[in-house]
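Secondary and tertiary structure notes
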Amino acid sequence: MFLQRLGLRDYRNYREVDVTLERGVTVFVGRNGQGKTNLVEALYLLAAGRSHRINSTASLIRKDADTGVVRATIVEHDRALLCEWELNRSTPDRIQMSGNPGKAADLARALSVVMFAPEDISVVRGDPALRRTHVDDISGWLFPRIRGSLADYERTLKQRNSLLKSLRSHGRAARDTSTLDVWDDKLVALGSDIFAARLATLALLKPHVSERYRSIAGADHQPQLSLTPSVDIAPENFADYPTAFAEQLSATRLLDIERGQTGLGPHRDDVALSLNDLPAKGFASHGETWSLVLALRLAELDVKRREGPTGDPIVILDDVFAELDAGRRELLSQSLDDVEQVLITAAVHDDVPAPMSAHLIIISDGAIMPPNESTNL
Ligand SMILES: Nc1ncnc2c1ncn2[C@@H]1O[C@H](COP(=O)(O)OP(=O)(O)OP(=O)(O)O)[C@@H](O)[C@H]1O
Ligand SMILES: [Mg+2]
């Protein structure tokens, strides 16, 4: 699929912009802070339901405005889909697909986008929550049902935690824990769903990560990614996860009451990433970390391409080339050779490998400049 037209009104630092794009590679160039990331972020919003930089949508509306609009025409097999997201400060957002009311989940199902961004480095180096989100985003695309399970799990967890806190403050005598049973059952059912979806997603990603890592790093450092659940269970027993989760949740109930929070479950899981049997976090060099990050995103591209009904995902490279040495730049550009559409942002045009610089769009202060006004880029 490809993005044929993108219109923004009162989005971030854009008052009004309307840009027509083509298949192949487009490079958005401009100095820092001009609005390059804002532009591609708008497409990511439609596909992912949130910005890649911040969870709340309020900051996406231009300051001083109450409503912002992102409008995109996506073409898939010569069929055009008009996607529209109206962001409102004080009323609920409005989403439309080709004129019909829709939900963020409908957009997510219809659109396929893979975004590479400098922030990706924290998938390897940051907290487990970032790795969980990384896998859950792909899971949610592969298995749309799981988006609901994730939201329900969050809600159930909050309710269970507030019940734990109230049991703690009411003292031992008043501890009628029968209502806790209800939340435990729900948590186990939803958590087991999420666990299974994460496992399935990792299994699909794994072979592609190995292959892509080899081609980007030019060496086989045997990258591994595996789920490390907070529930104590060996990989060979993963099929018994629901039982193990239920048993351990009940065995740790008193501890949970004392702490006022739930110590076990998918919200405490991690995804272990390793190179040559050493954890990538803490051991991998800067270059190796980037190779792993790129391999993870390229694997996502492979999986979405193969498993999705929507053809080629649109690939976004936000400021990525600036992070890479010449060799990796070249290899990344080769890896994306046959993708239907690649959207690149760069502050320095020369950072983008020459074969990728097909169409050039100059961004300056929330506006698109005619090409002849490009200076010092
Ligand atoms: N809600 C908003 N209203 C108005 N301006 C905003 C809003 N949100 C962000 N901005 C402005 O947008 C600009 C940042 O745009 P963006 O992140 O797209 O820059 P960029 O061109 O990608 O820069 P860099 O090369 O540094 O990555 C900043 O000047 C910021 O103040
Ligand atoms: Mg940027």
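Structural notes, computed from the coordinates. (Residues numbered from 1 in each chain as written. Chains lettered and ligands numbered in written order. Predicted model: local features only at pLDDT ≥ 70, side-chain atom pairs only at ≥ 80, totals over all residues.)

Time to look at the packing of helix α6 (residues 178-217) against helix α10 (residues 286-307). Interaxial distance between α6 and α10 falls to 7 Å at its minimum, and their mutual angle equals 130 degrees. Between α6 and α10, the interaxial angle falls into the category oblique. As α6 runs across α10, the sense of the crossing is right-handed. In this structure, α6 contributes Leu 204, Leu 205, His 208, Val 209, Arg 212, Tyr 213, Ile 216 and Ala 217 to the contact, and α10 contributes Glu 288, Ser 291, Leu 292, Leu 294, Ala 295, Leu 296, Leu 298, Ala 299, Asp 302, Val 303 and Glu 307. Tallied by class, the residues present in the contact of α6 with α10 amount to 13 nonpolar, two polar and four charged. (Axes fitted to C-alpha atoms, helices over the stretch in contact; angles between N-to-C directions. Helix = DSSP H or I, 4+ residues; strand = E, 2+ residues; numbered from the N terminus. Parallel < 35°, antiparallel > 145°, perpendicular 65-115°, else oblique. Left-handed = near helix turned anticlockwise from the far one by under 90°. Contact = placed C-beta atoms within 7 Å. Nonpolar A, V, L, I, M, F, W, Y, C, P; charged D, E, K, R; others polar.)

Turning next to the site of ligand 1. Around ligand 1 sit 17 residues, and of these Asn 13, Asn 32, Lys 36, Thr 37 and Asn 38 come closest. Here the element with the most residues in the shell around ligand 1 is helix α1 (residues 36-48); it accounts for three residues. Of the residues contributing to the shell around ligand 1, the split by class is two nonpolar, ten polar and five charged. (Near = placed C-beta within 6 Å.)

In this section: the sheet that holds strand β10 (residues 270-275). Pairing is antiparallel in the open sheet, where three strands are placed in the order β9-β10-β11. A strand with exactly one partner marks an edge of an open sheet, and here the two such strands are β9 (224-228) and β11 (278-279). Strand direction decides the pairing type here: β10 and β11, joined by two bridges, are antiparallel. Bridge pairing in β11 places Ser 274 opposite Pro 279. (Pairing = 2+ DSSP bridges.)

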